[in-house]
Amino acid sequence: MVSNFYFKTVVTLFFVALIFYMGHFVNGLIGISLAELSSGKNIFTLENYSGDLYASVIILLNKDVEVIAYYDKVTGKNLSYVGAFGGIGRNFQLHEGETYEIYTSKNLTLRVP
């Protein structure tokens, strides 16, 4: 009986700590900064980043990023991902050396995991 109480307490504390940790991650307190962006349209080239990075992750970690767009040379189309309503458009992977347009609602430091 006592051990069951302690188990539930430990599990509850674990989840509270996990939620707290993820809250800091989402708010941009954890991660690396890639660039300083100004309010409005920014031209950004991904350099010196070797991980998998998707437009949805950038918008999740940087709440003031509104849109990420780029020109897909293979298909000949402009692709964009809008952060509203949980994401609108095609969630695409960003590649090193490619240039993107990032629209922000205010000045920010772009953070990625």
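Here the structure is shown first, and the text comes after it.
We now turn to the structure provided with this report.

The rules behind these values
- Each chain carries its own residue numbering, running from 1 in the written order of its sequence.
- Note on the predicted model: pLDDT of at least 70 is required for a residue's local features to be given, and 80 or more for side-chain atom pairs to be given and counted; whole-chain, interface and lining totals, by contrast, use all residues.
- Neither water nor hydrogens contribute to the side-chain values; these are computed over all heavy atoms in the structure.
- For the purposes of this entry, the term helix denotes a DSSP run of H or I that reaches at least four residues, the term strand denotes a run of E that reaches at least two, and both are numbered from the N terminus.
- Residue exposure (1.4 Å probe, protein chains only): buried if accessible area is under 20% of the type maximum, exposed if over 50%, otherwise partly exposed.
- The sign given to each residue is positive for Lys and Arg and negative for Asp and Glu; His and the chain ends receive no count.
- Salt bridge, as applied in this entry: a Lys or Arg side-chain nitrogen positioned within 4 Å of an Asp or Glu carboxyl oxygen.
- Polar contact is the term for a pair of N or O atoms within 3.5 Å; when the atoms are in protein, one must be able to donate a hydrogen and the other to accept it, and sequence-neighboring residues count only if both atoms are side-chain atoms.
- Only heavy atoms enter the contact rule, under which two residues are in contact if any of them lie within 4.5 Å.
- Joining through side-chain atoms within 4.5 Å is the link that ties buried Ala, Val, Leu, Ile, Met, Phe, Trp, Tyr and Cys residues into a set, and such a set is a nonpolar core.
- Aromatic pairs are defined between Phe, Tyr and Trp rings, using the six-membered ring for Trp, whenever the two ring centres lie within 6.5 Å; interplanar angles under 30 degrees are classed as stacked, those over 60 as edge-to-face, and all others as tilted.

A short note on the side chain of aspartate 72
Next up, step 1: In this structure, aspartate 72 sits in strand β4 (residues 65-72).
Next up, step 2: No salt bridge is formed by the buried aspartate 72; the nearest opposite charge belongs to arginine 90, separated by 4.4 Å.
Next up, step 3: Within the local environment of aspartate 72, its side chain forms a polar contact with the side chain of threonine 75, the two groups lying 3.4 Å apart.
Next up, step 4: In contact with aspartate 72, not counting residues within four places along its chain, are Lys77, Leu79 and Arg90.

Details of the nonpolar core
Next up, step 1: In terms of nonpolar packing, the biggest core is built from 21 residues, with Ile58, Val65, Ile68, Phe92, Leu94 and Leu110 touching the most fellow members.
Next up, step 2: For this core, the elements supplying multiple residues, two or more each, are β1 (32-37), α2 (55-61), β4, β5 (77-82), β8 (99-104) and β9 (108-112).
Next up, step 3: Sequence-distant contacts of isoleucine 58, defined by excluding residues within four places in its chain, comprise Leu53, Val65, Ile68, Leu94, Leu110 and Val112.

Quick look at the packing of aromatic side chains
Next up, step 1: The tally for this structure, following the rule as stated, stands at three aromatic pairs.
Next up, step 2: On the basis of an interplanar angle of 50° and a centroid distance of 4.8 Å, the ring pair of tyrosine 70 and phenylalanine 92 is categorised as tilted. One end of the pair, tyrosine 70, is in strand β4; the other, phenylalanine 92, is in the loop between β6 (88-89) and β7 (93-94), with 22 residues separating them in the sequence. The exposure classification of tyrosine 70 matches that of phenylalanine 92, with both residues buried.

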